[in-house]
Amino acid sequence: MTLHGDTLKNAIGETRAKWGWFVGLGVLLLILGGIAFGNLFIATVASVYVVGWLMLVAGIIEIMHAFGVKTWGRFFYWLLSGLLYAVAGFFAFDNPLLASAVLTFLLAVALVASGALRVWVGYSHRPQQGWGWIVAAGIISVVAGLIIAMGWPVNSLWVLGLFLAIDLIFQGWTFIAVGLALKK
């Protein structure tokens, strides 16, 4: 076997001994996903707070980076960018409901735009095998984005929480599946 193959085999062997941790993490994520499904409003607020923290940290890092830049033009660019991120992060903490409305709208726009792009890419690759799946995925994304947009801003109280709950549940099942596969 090659060095790469031996390294991969050793890594899988070491990970196999930890299969229980994967299953345990999966169960924890399933429980958290169930809790999120139980109260989509709280899950939405929690997701807004996570985004707020990420924006605040990114803003602080960009502001610090601005002071390491050598030219004034770039300094002001990074400083302004960092300040905008930090203000947006504080905004998410100050008014999570309004922030959830903004994020839900941006999600709807992103789904419609990415879905339309997928439809176009799939359609432009018509002679190739599988192009229909790309088009179908794009159409589903566009429809999901339009459904979210039509219910906006009322649905902004629960849409982000629903996405968080679904993600936690899928991640939980994935970790459980990986852990059980490692056990075998």
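Check the entry above for the structure.
So, here's what we can say about the structure. (Residues numbered from 1 in each chain as written. Predicted model: local features only at pLDDT ≥ 70, side-chain atom pairs only at ≥ 80, totals over all residues. Heavy atoms only, no water.)

1. Notes on the side chain of serine 47
Among the secondary structure elements, serine 47 is positioned in helix α3 (residues 40–66). Dropping the residues within four chain positions of it, serine 47 is found in contact with Leu160 and Leu164. (Helix = DSSP H or I, 4+ residues; strand = E, 2+ residues; numbered from the N terminus. Contact = heavy atoms within 4.5 Å.)

2. Here we look at the packing of aromatic side chains
Tallying each qualifying case throughout the model produces nine aromatic pairs. Here tryptophan 72 and phenylalanine 76 contribute two aromatic rings whose centre-to-centre distance is 5.7 Å and whose plane-to-plane angle is 25 degrees, an arrangement assigned as stacked. Taken as a pair, tryptophan 72 and phenylalanine 76 lie in helix α4 (residues 72–94) at a separation of four residues, close to a single helical turn. Every member of this aromatic cluster is reached through a ring pair, and the members are Phe67, Trp72, Phe75 and Phe76. For arginine 126, the ring lying beneath its charged end belongs to tyrosine 123, and the centroid distance is 4.1 Å. (Phe/Tyr/Trp six-rings, centres within 6.5 Å; stacked < 30°, edge-to-face > 60°. Lys NZ or Arg CZ within 6 Å of the ring centre and 35° of its normal.)

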